[in-house]
Amino acid sequence: MNPFTYSRAGDLDEAVREISDNDRAKFIAGGTNLVDLMKANVMHPTHLVDITRLGLSAIEETEEGGLRLGSLVTNAETAYHPQVAERYPLLANAILAGASPQLRNMATNGGNLLQRTRCYYFYDTATPCNKREPGSGCSALNGHNRIHAILGTSEHCIATHPSDMCVALAALEAVVRVTNRYGERAIPFADFHRLPGDTPHIDANLEPDEIITAVELPPRGFSQHFKYLKIRDRASYAFALVSVAVGLEMEGDTIREARLALGGVAHKPWRNLEAEALLVGNPANRETFKRAADRIVADARGYGSNSFKIELARRAVVRALNEAAK
Amino acid sequence: MSNQSATITEAPKTAQLPRTSIVTLTVNGEQRSLRIAPWTTLLDALREYLDLTGTKKGCDHGQCGACTVLVDGKRINACLALAVMVDDREITTIEGLTKEGSATPDGLHPMQAAFIEHDAFQCGYCTPGQICSAVGLLKEGHAHSREDIQELMSGNICRCGAYPNIVDAIEDVKNHQPDRA
């Protein structure tokens, strides 16, 4: 790790002030991704602002009847919280499908949103990577790209966002609350993460001097008909090759409302509103599911080693929808 | 090189070298003060500064679980925690497990005794992390079956492949020492 200075923020204002005053400073909370990236010499902030004593560690009801998840609540506390487990089991299942118990005990909700890709080339400082070093090139395009994206890619980057939690948050249409020195703002989850385009070094639409304070869940949790399906190389403690978060509202055998988000396939949790619209008002059967899945993968593109993900994603969507509709 | 200009090249200006600070950690019930740099991980603080070498450094990247310790009773990867950030937390390592509660007549924590009883290791390198992780797992209270134990021990890798016996040992403590669960 490079040498750095350390300070502990006592309140939100102090945290925002410290980060605004130093463009090479980073916040640290759980540290599970940042410390690892610093050890790998991928990230080298010169100052860390410890935000773990800011509060922001409550899970509470919102006025609208949803749930506000403090950004410093750990992933484990969130997944096992009775209200989350009962009202938002899709989110609980997605969180518990990721990482290990030790990491979930450390990692925070805000940090989960901001974790970086696990692209091998992003981690390997001996190779070009536009995300790590803008303008240096993408080694994955013609390299080992088995784990890489098939949707929303660009010629500059085919990395994926690694989170499971975020796939569920996308399906649930969560809202990210952030604070900066001018006040607060709310970012709809679909607008939080970015596609790589020609700026793959910017993962999210969060300014460097902003801090996430909470993730808000709308009242509707799809707790009757949901599925988080994660397909990976081993049964536990591995990143998704493809994952699918589904939330349905059913009326008899008819789908009344559908949410569908994919992980492991793009630079952000992937939603296709046209595919969701193809489900609504239709019977929950294989033909309906296949139509939606076909719509999603119609836009997909493989890069060689990851081309299998196109068919894998198609089948995973059908299976997840089938299980959610039961 | 000799015909180059004679101007003296200065070393690049660098930020003022960060200072070390005195951090007081509560480890196994004892307060220990150490002068460390902010980039010292909890794992390095335990091993290199406090001589508590029971906690092992495996991958040093949060992937193997050999460095698992309990912080405020919760299992974490000590290799990814900065020591300076846990100064007001209760840290328990393999050396201090018996201080967590009752010990067997041999002076072992019941989980340590169960690992011996079930031959739950071969080389032993991952064992302190496995045991701390297992103690954390039972405290969490989310394992209701053998499959749950397997899933919730997935953050601890054993290259000798002692997994079946590790799960046996944890199941034994879970079933016969409900007060530890």
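Predicted model only: the values in this text are computed from it and were never measured. (Residues numbered from 1 in each chain as written. Chains lettered and ligands numbered in written order. Predicted model: local features only at pLDDT ≥ 70, side-chain atom pairs only at ≥ 80, totals over all residues. Heavy atoms only, no water.)

## Some remarks on the overall build of chain B
In terms of regular secondary structure, chain B is built from 5 helices and 5 strands. Counting all 181 residues of chain B, 46% fall into the buried class. A sequence separation of at least 24 residues applies to 55% of the contacts in chain B between residues at least 6 apart. When the accessible surface of chain B is summed, it comes to about 9,300 Å², and 48% of that surface belongs to carbon and sulfur atoms. (Helix = DSSP H or I, 4+ residues; strand = E, 2+ residues; numbered from the N terminus. Buried < 20%, exposed > 50% of the residue type's maximum accessible area, 1.4 Å probe, protein only. Contact = heavy atoms within 4.5 Å. Areas by Shrake-Rupley, 256 points an atom, 1.4 Å probe, with all protein chains shown as cover.)

## Some words on the interface of chain A and chain B
Counting residues at the interface gives 32 residues for chain A and 31 residues for chain B. Buried area between chain A and chain B, both sides added, is near 2,600 Å², and the carbon and sulfur share of it is 58%. Between the two partners, chain A and chain B, sit 5 salt bridges. Residue R53 of chain A is joined to D87 of chain B by a salt bridge in which the shortest nitrogen-to-oxygen separation is 3.6 Å. Counting every contact that joins chain A to chain B gives 16 residue pairs in polar contact (both at pLDDT 80 or more). Every element with two or more residues in the side of chain A that touches chain B is listed here: β1 (5–8), α2 (34–39), β3 (47–50), α3 (75–80) and α6 (101–106) of chain A. (Buried area = accessible area lost by both parts, 1.4 Å probe. Salt bridge = Lys/Arg side-chain N within 4 Å of Asp/Glu carboxyl O. Polar contact = N/O pair within 3.5 Å; in protein donor to acceptor, adjacent residues only side chain to side chain.)

## Quick notes on the environment of N156 of chain B
Note on placement: N156 of chain B falls in the loop between α4 (146–152) and α5 (163–176). Using a relative accessible area of 2% as the deciding quantity, one classes N156 of chain B as buried. As a C-alpha pair, N156 of chain B and G58 of chain B span 98 residues in sequence and 10 Å in three-dimensional space. If we skip the residues at most four places from it in the chain, N156 of chain B touches Q102 of chain A together with C64, G65, T68, G129, Q130, S133 and Y163 of chain B. Reaching out from N156 of chain B, the side chain makes a polar contact with the side chain of S133 of chain B at a distance of 2.7 Å.

## A word on the sheet that holds β3 of chain A
Residue and element names in this part refer to chain A. In spatial order, the strands read β1-β3-β2; together these 3 strands make up an open sheet with parallel pairing. Whereas interior strands pair on both sides, the edge strands pair on one side only; in this sheet they are β1 and β2 (25–28). Adjacent strand axes in the sheet meet at a mean angle of 25° when their direction is disregarded. With 4 bridges connecting them, β2 and β3 associate as parallel partners. For F27, the partnering residue across the bridge sits in β3 and is V49. (Pairing = 2+ DSSP bridges. Axes fitted to C-alpha atoms, helices over the stretch in contact; angles between N-to-C directions.)

## Focus on the layout of surface pockets
There is about 570 Å³ of room inside the second largest pocket. What lines the second largest pocket is a set of 25 residues, and nearest its centre among them are T52, T74, N105 and M106 of chain A together with R89 of chain B. Looking at the lining of the second largest pocket, the elements with two or more residues in it are α6 of chain A together with β4 (74–77) of chain B. Class assignment of the residues belonging to the lining of the second largest pocket gives a composition of 12 nonpolar, 8 polar and 5 charged. (1 Å grid on protein atoms, 1.4 Å probe; cavity = no way out; pocket = protein on both sides within 12 Å on 5 of 7 lines; lining within 4 Å. Points joined across faces, edges and corners; volume = space filled by probe spheres on them. Nonpolar A, V, L, I, M, F, W, Y, C, P; charged D, E, K, R; others polar.)

## Re the pairing of strand β1 (residues 21–27) of chain B
Residues and elements named next belong to chain B. The pairing of β1 with strand β2 (residues 30–36) spans 7 bridges and is classified as antiparallel. Residue pairing across strands places S21 opposite I36, the latter belonging to β2. Bridge count between β1 and strand β5 (residues 90–92): 2 bridges; the pairing is parallel. Considered in β5, the bridge of V27 is made with I91.

## Remarks on the packing of helix α2 (residues 110–117) of chain B against helix α3 (residues 127–140) of chain B
Two numbers describe a pair of packed helices, the interaxial angle and the distance between the axes. Residues and elements named next belong to chain B. Between α2 and α3, the least distance of the axes is 10 Å, while the angle of their chain directions is 125°. Taken together, α2 and α3 sit at an angle that is classed as oblique. Crossing geometry of α2 relative to α3 is assigned as right-handed. The residues of α3 that touch α2, namely those facing M111, Q112 and F115, are T127, Q130, I131, A134, V135 and L138. Here the residues of the contact of α2 with α3 sort into 6 nonpolar, 3 polar and no charged. (Parallel < 35°, antiparallel > 145°, perpendicular 65-115°, else oblique. Left-handed = near helix turned anticlockwise from the far one by under 90°.)

## Topic: the pattern of salt bridges
Side-chain pairs of opposite charge can arise whenever the charged atoms involved come near each other. Throughout the structure, instances matching the rule amount to 39 salt bridges over all chains. Close ionic contact of R89 of chain B with D88 of chain B constitutes a salt bridge, the shortest N to O distance being 3.9 Å. Judged by its relative accessible area of 46%, D88 of chain B falls in the partly exposed class. Counted as one network, the salt bridges with shared partners bring together R8, D50 and R53 of chain A together with D72, D87, D88 and R89 of chain B.

That is the geometry; function is a separate question.
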